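Chain residues, written in single-letter form:
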Amino acid sequence: MTTLTTSPSAAAAAPGGTPSAYADRAAPAPIPFARLLKVELRKMFDTRSGLWLMASIGILAALASAAVVLWAPDDQVTYETFAAAVGFPMAVLLPVIAVLSVTSEWSQRNGLTTFTLVPHRGRVITAKAAGALVVAVAGMLVAAAVGVVGNLVGSALNGTDAIWDVSVSDFTAIVLANVLGVFLGFMLGAVLRSSPAALVGYLVISFVLVPLTMTLAAAQQWFADIQPWVDWNFTQSQLFEGLPTDGEYWAQLGVTTTVWLLLPLAWGLWRLVRAEVK
């Protein structure tokens, strides 16, 4: 006859001292962060909205390059022209992808599954932020590559030498500007947790506030004087003109980024890790 032997820990773990088959099992290892990042990146591409956003970026980049080749004057067929034409749709659409990567957990109730499989929401949000960063940098590298092809084709068709007038520091500044733009979308998604509300907020900040603040700065000198310290759009947009070397500019960028991005993002993340997914 075989005698069943249980360890004291197993007996103690079961109600009423009844042996439990699961008491001595080791806790499962946490899901590796690389796998979480891979999953979040896949989410940005394998939904219909994400797929069409990515496709629209590629289509618009190709159309912008073709427009430069067909209609730009010969003296403006330069790498800077192609980079600006290709980079604009990416600068507009990449933040939308960051918005949807966060809000989909609530708007589509994906969080019921995500946060059940990974209860530590902070790791999921960190993976989403890292994914947004990867997409932003990869998108700008694609824009740079499309610009190279467009510049070579355009100069060949015009019978002129290709002009490479974008330096490494200029490209670095453009990438930084787009990364900040992506994290604007990420912040709005974390704060509002609703796709329509976050998208409207992004459009208001990016396309409504800009002409309003420009008009105010042109009409009121007092606002023009303080605009670099209070207007994030104004400060961030200067990065598209090259990498500044003025220390005051970086102080202004730090102040506006803290006020417009970091503080709201911290508040949004604090609420996000406690919010119930309904």
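Since the structure is predicted, the reported quantities are computational estimates derived from the model, not experimental observations. (Residues numbered from 1 in each chain as written. Predicted model: local features only at pLDDT ≥ 70, side-chain atom pairs only at ≥ 80, totals over all residues. Heavy atoms only, no water.)

*Asks:* In this structure, what is going on with the packing of helix H3 (residues 48-71) against helix H4 (residues 79-107)? I would like to understand it.
*Replies:* How two helices pack is summed up by the angle between their axes together with the distance between the axes. At a minimum axis separation of 8 Å, H3 and H4 run at an interaxial angle of 170 degrees. Taken together, H3 and H4 sit at an angle that is classed as roughly antiparallel. For the pair H3 and H4, the contacting residues are Ser49, Leu53, Met54, Ser56, Ile57, Leu60, Ala61, Ala64, Ser65, Val68 and Val69 in the first and Thr81, Phe82, Ala85, Val86, Pro89, Met90, Leu93, Leu94, Val96, Ile97 and Leu100 in the second. (Axes fitted to C-alpha atoms, helices over the stretch in contact; angles between N-to-C directions. Helix = DSSP H or I, 4+ residues; strand = E, 2+ residues; numbered from the N terminus. Parallel < 35°, antiparallel > 145°, perpendicular 65-115°, else oblique. Contact = heavy atoms within 4.5 Å.)

*Asks:* Quick question: what am I supposed to make of empty space enclosed by the protein here?
*Replies:* Unfilled space is identified by rolling a water-sized probe across the atoms. Under the criterion given, the structure shown has 1 cavity of 30 Å³ or more. Roughly 30 Å³ of internal volume is contained in the largest cavity. Met44, Leu94, Ile97, Ala98, Ala132, Val135, Ala136 and Val182 are the residues that line the largest cavity. Elements with a contribution of two residues or more to the lining of the largest cavity: H4 and helix H6 (121-158). In the lining of the largest cavity, the residues fall into 8 nonpolar, no polar and no charged. (1 Å grid on protein atoms, 1.4 Å probe; cavity = no way out; pocket = protein on both sides within 12 Å on 5 of 7 lines; lining within 4 Å. Points joined across faces, edges and corners; volume = space filled by probe spheres on them. Nonpolar A, V, L, I, M, F, W, Y, C, P; charged D, E, K, R; others polar.)

*Asks:* I'm lost on the pattern of salt bridges in this one. Help?
*Replies:* Pairing between side chains of opposite charge can happen when their charged atoms approach one another. Scanning the model with the defined rule gives 4 salt bridges in all. Linking lysine 128 and glutamate 105 is a salt bridge whose minimum nitrogen-to-oxygen distance equals 2.7 Å. Placement of the pair is lysine 128 in helix H6 and glutamate 105 in helix H4, with a sequence separation of 23 residues. Assessed through its relative accessible area of 0%, glutamate 105 is described here as buried. Salt bridges sharing partners connect three or more residues here, namely Glu40, Lys43, Glu105 and Lys128. (Salt bridge = Lys/Arg side-chain N within 4 Å of Asp/Glu carboxyl O. Buried < 20%, exposed > 50% of the residue type's maximum accessible area, 1.4 Å probe, protein only.)

*Asks:* Sorry, what's going on with the nonpolar core here?
*Replies:* Side chains of nonpolar character tend, in soluble globular proteins, to be buried together. Counting 55 residues, the largest nonpolar core has Leu94, Ile97, Leu184, Phe186, Leu188 and Leu239 as the members making the most contacts within it. When contributions to this core are tallied by element, the ones reaching two or more residues are helix H2 (33-46), H3, H4, H6, helix H7 (168-192), helix H8 (195-219) and helix H11 (247-272). Sorting elements by how many residues they give to this core places H7 first, with 14 residues. Setting aside chain neighbours within four positions, we find phenylalanine 186 in contact with Ala98, Ser101, Val102, Ile125, Lys128, Ala129 and Leu265. (Core = buried A, V, L, I, M, F, W, Y, C linked by side-chain atoms within 4.5 Å.)

*Asks:* Even after reading the chapter, I still don't get the layout of surface pockets, so can you show me in this structure?
*Replies:* Its volume calculated, the largest pocket comes out at about 790 Å³. Looking at the lining of the largest pocket, the elements with two or more residues in it are H4, H6, H7, H8 and helix H10 (232-237). It is H4 that contributes the most residues to the lining of the largest pocket, 9 residues altogether. Tallied by class, residues from the lining of the largest pocket come to 22 nonpolar, 10 polar and 5 charged. Taken as a whole, the second largest pocket spans an internal volume of roughly 460 Å³. Around the second largest pocket sit 26 residues that line it, and Glu40, Lys43, Ser104, Asn110 and Lys128 are the ones nearest its centre.

*Asks:* Would you mind going over a nonpolar patch on the surface with me for this structure?
*Replies:* There is a patch of nonpolar side chains on the surface, built from Leu216, Trp222, Ile226, Trp229, Val230, Val255 and Val259 and spanning about 590 Å² of accessible area. Per-element tally for the nonpolar patch: the top contributor is helix H9 (residues 221-230), with 4 residues. Mapped onto the fold, tryptophan 229 is located in helix H9. (Patch = residues over 30% accessible without salt bridge, like charges linked within 9 Å, V, L, I, M, F, W, Y side chains within 5 Å. Areas by Shrake-Rupley, 256 points an atom, 1.4 Å probe, with all protein chains shown as cover.)

*Asks:* I keep staring at H2 and nothing clicks. Help me out?
*Replies:* An α-helical segment advances 3.6 residues per turn. Residues three or four places apart therefore align on the same side. Along its 14 residues, H2 runs 20 Å from first to last C-alpha, staying within 8% of the 20 Å computed at 1.5 Å per residue. Taken together, the buried positions of H2 are occupied by Leu36, Leu37, Glu40 and Met44. Taken end-on, H2 shows its buried residues confined to a sector of 100 degrees, consistent with a single buried face. In H2, the exposed positions that point more than 90 degrees away from the buried face belong to Ala34, Lys38 and Asp46. Buried positions along H2 lie against H3, H4 and H6. (Expected span 1.5 Å × (residues − 1). Arc of directions from axis to C-beta.)

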